[in-house]
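Coordinate inspection notes
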Amino acid sequence: MTVRCFHTPADSATSFTLWSLATPTCSVTPFSQSLTSALERFPHMDRDIPCTVAPLPNLQDLWLQRETFGSDSARFCHGHRAALKGGFSQNQQADSFAPQCGGKRQDGSCRHAGYDSPQLGCKEQVFTGVPELCSVSVQSGPEGGMMMMGREWWLHVALLCVPLLAVYLHIPQPQLSPALHTWRTSGRFFSFRGNNIFYRDSFGAVGSSDVVVLLHGFPTSSYDWHKIWEHLSQRFNRVIALDFLGFGFSDKPRPHRYSIFEQASVVEALITHLGLAEQKVNLLSHDYGDTVALELLYRSDHNRTGHLAVNSLCLSNGGIFPETHYPRFIQKVLKDSGFLSSLLTRLMNFHFFSRGCASKTCTNSLSSFELWIGDVFGPYTQPTEAEYWDMWTGIRYNDGNLVMDSILQYINQRLKHRDRWVGALTSTSTPLHMIYGPLDPVNPYPQFIHLYQKLVQRSTVSILDEHISHYPQLEDPTGFMNAYLNFINSF
């Protein structure tokens, strides 16, 4: 017989399971009305339930399983072995635990604290703290037999989990931090094929006509540029950044076939919307934005209709070469796992997104894991927890986590269209520069930068300090700006 009991006072909950073996040496008469009522649900069962207290070699009281939550106020003693605080003591008499376990009566019968049950027949068994019975099941011994499981408890758990899971999967998006709220309110929206695209457009240096357009990476947003925004405004007449379709504050339609080609068209539409179609623009890009920039460069060099006039291009830590690009494991899973990808995007949460954080400002739950975003920052340049929250808020805005698997198809697109985009890089006469954080695990040193220097010989390169990783504009904004201004002022 298997008896499962659950005790739920204010400070504890305890579950006991007593497994009976096939060969009976005594019988247990139901010791309470609760057990009697429960057994009456199974009319084909004998009222005397076979059990055994004979010790079996090496079983270590396998018929006793104990699971305790909260305090250890409830205890169980079985024969000459005792389970106290989740552990077994093999050589202590049950009598020695009489204050906790209830002990034996003078007539040798067992005593169960809380119930008057002199008919308990197992003379070496002592019960105490065994509370109201919640479910009863019968399981055969080693020789085989019928097993009956009480289903009500599992049904209750299932019914409880369903609404909890539903709430979890539809958890509201985080509130905007003051900094992120300011970023949003200082921007505007324009319409691209029925979708709203967020952008910021700031007028800066007086007397300059130079325009710089900032193209952010995956999975974040235009907020990636906030640490160098003011510095750029001191050099350029206009500083423009956008959230690509599916990112940040822009719309995130689903289902939708996201592509690098479409994102390039979004940038062209924004430049036209701002009346800059005839203006030469400088492109400053990162990660995912590098590939969008290469498509814009290809269109510019081939005089495609509606193309930008690209004055210069500065790339940073983008996986432009599939052969030296190492996406994170979760990225590979999300882009190629079909239905599983949709499930994972719904289960994604802040701790999953940010773990890998090594900063002392992060909580223990964040600093004990290594995955994805935290893994692509250097050990000494980790974002604060507030900065992680801003990144995650941008992703969760408009349920952006649900489209990440679709957006990640850009990795496959890079491979498919490698000749087009790498060819544009190697054949252009446009001034080129690469700012590179060498600790990047996605585009590792030295493979990536050596291949870049070999294939793109006309480009200049700035390699930042050795502890700078995949997000150089966030990890070392001063070094990043110095490298970029040296490039811009060189032609």
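Since the model is a prediction, treat every value here as computed from it, not as a measurement. (Residues numbered from 1 in each chain as written. Predicted model: local features only at pLDDT ≥ 70, side-chain atom pairs only at ≥ 80, totals over all residues. Heavy atoms only, no water.)

1. Overview of the overall build of the chain
Per the secondary structure count, the chain includes 18 helices and 18 strands. A separation of at least 24 residues holds for 71% of the contacts in the chain among residues at least 6 apart in sequence. Here the chain displays about 22,900 Å² of accessible surface, and carbon together with sulfur accounts for 54% of that area. (Helix = DSSP H or I, 4+ residues; strand = E, 2+ residues; numbered from the N terminus. Contact = heavy atoms within 4.5 Å. Areas by Shrake-Rupley, 256 points an atom, 1.4 Å probe, with all protein chains shown as cover.)

2. Re the pairing of strand β16 (residues 309-316)
Counted residue by residue, β16 has 6 buried out of 8 residues, so it is predominantly covered. As paired elements, strand β15 (residues 280-285) and β16 share 5 bridges and run parallel to each other. Its bridge partner being in β16, L283 is matched across the sheet by L313. Read from β15 through helix α7 (residues 288-301) to β16, the crossover connection turns out right-handed. (Buried < 20%, exposed > 50% of the residue type's maximum accessible area, 1.4 Å probe, protein only. Pairing = 2+ DSSP bridges. Right-handed = clockwise from strand over helix to strand, strands pointing away.)

3. Structural notes on the side chain of S316
Summarising the element assignment, S316 is placed in strand β16. We classify S316 as buried; its relative accessible area is 0%. Contacts of S316, omitting those with residues within four sequence positions, involve S285, H286, D287, D290, M434, I435, P472 and F480.

4. What about the pairing of strand β14 (residues 238-242)?
Among the 5 residues that make up β14, 5 are buried, leaving the element largely enclosed by the rest of the structure. Burial along β14 is two-sided: R238, I240 and L242 and V239 and A241, pointing in opposite directions, are all buried. Alignment of strand β12 (residues 195-203) against β14, held across 5 bridges, turns out to be antiparallel. Across the sheet, the residue bridging to F203 is R238, located in β14. Of the strand pairs in this sheet, strand β13 (residues 211-215) and β14 are connected by 4 bridges, and their pairing is parallel. Of the residues in β14, the one forming a bridge with L214 is A241.

5. Section: helix α15 (residues 418-427)
Owing to its 3.6 residues per turn, the α-helix brings residues three or four apart onto one side. Among the residues of α15, those classed as buried are W421, V422, A424 and L425. Taken around the axis of α15, the buried residues stretch over an arc of 150°, which confines them to a single face. Of the exposed residues in α15, those oriented more than 90 degrees away from the buried face are D419 and S427. Looking at the buried side of α15, the elements it contacts are α6 (260-273), α7, β16, α14 (410-416), β17 (432-436) and α16 (447-455). (Arc of directions from axis to C-beta.)

6. Concerning the environment of V403
For V403, the position within the fold is in the loop between α12 (385-396) and α13 (404-407). Judged by relative accessible area, V403 falls into the buried class, the value being 1%. Between the alpha carbons of V403 and P253 there is a distance of 7.8 Å; along the sequence they are 150 residues apart. Sequence-distant contacts of V403, that is, excluding residues within four places in its chain, are made with G246, K252, P253, R254 and Y258.

7. Focus on a nonpolar patch on the surface
A cluster of nonpolar side chains, L340, L343 and L347, forms an exposed patch at the surface whose accessible area comes to about 220 Å². Structurally, the position occupied by L343 is in helix α9 (residues 339-347). (Patch = residues over 30% accessible without salt bridge, like charges linked within 9 Å, V, L, I, M, F, W, Y side chains within 5 Å. Salt bridge = Lys/Arg side-chain N within 4 Å of Asp/Glu carboxyl O.)

8. Quick look at the environment of L455
Mapped onto the secondary structure, L455 falls in helix α16. When the C-alpha atoms of L455 and L425 are compared, they prove to be 8.7 Å apart, with 30 residues separating the residues in sequence. When neighbours within four sequence positions are excluded, L455 is seen to be in contact with F321, R418, V422 and T426.

9. Considerations on the packing of α7 against α15
In the contact formed by α7 and α15, the axes pass within 9 Å of each other and the chain directions differ by 70°. Compared by their axis directions, α7 and α15 come out roughly perpendicular. Considering only the axes of α7 and α15, their crossing is left-handed. Contacts between α7 and α15 involve T291, L294, E295, L297, Y298 and D301 on the former and, on the latter, R420, W421, A424 and L425. Taken together, the residues that form the contact of α7 with α15 break down as 6 nonpolar, 1 polar and 3 charged. (Axes fitted to C-alpha atoms, helices over the stretch in contact; angles between N-to-C directions. Parallel < 35°, antiparallel > 145°, perpendicular 65-115°, else oblique. Left-handed = near helix turned anticlockwise from the far one by under 90°. Nonpolar A, V, L, I, M, F, W, Y, C, P; charged D, E, K, R; others polar.)

10. Some remarks on the packing of α6 against α7
Interhelical geometry of α6 versus α7 gives an angle of 70° and a closest axis separation of 9 Å. Considering their axes alone, α6 and α7 lie roughly perpendicular with respect to each other. Judged by residue contacts, I260, F261, Q263, A264, S265, V267 and E268 of α6 engage Y288, T291, V292, E295, L296 and R299 from α7.

11. Quick notes on the confidence of the model for the chain
The predicted model of the chain averages 73 in pLDDT, with 61% of residues at 70 or higher. Of the regions scoring below 50 in pLDDT, residues 1-106 engages in 219 contacts with residues more than four places distant in sequence or in other chains. Between residues 108-149, whose pLDDT stays under 50, and residues either more than four places distant or in other chains, the model counts 127 contacts. (pLDDT = per-residue confidence, 0-100.)

12. With respect to the pattern of salt bridges
Under the definition given, this model contains 9 salt bridges. Between R418 and E323 there is a salt bridge; the shortest N-O distance is 2.7 Å. Taken together, the residues span a long stretch of sequence, with R418 in helix α15 and E323 in the loop between β16 and α8 (329-336) at a distance of 95 residues. Overall, the relative accessible area of 22% leaves R418 in the partly exposed class. Here E323 falls in the partly exposed class, since its relative accessible area comes to 41%. A salt bridge links R328 to D375, with the nearest nitrogen and oxygen atoms 2.5 Å apart. In this pair, R328 sits in the loop between β16 and α8 while D375 sits in the loop between α11 (364-367) and α12, placing the two residues 47 residues apart along the sequence. In this structure, R328 and D375 share a single accessibility class: buried. A single network of salt bridges, built from pairs that share partners, joins E268, E295, R299 and R420.

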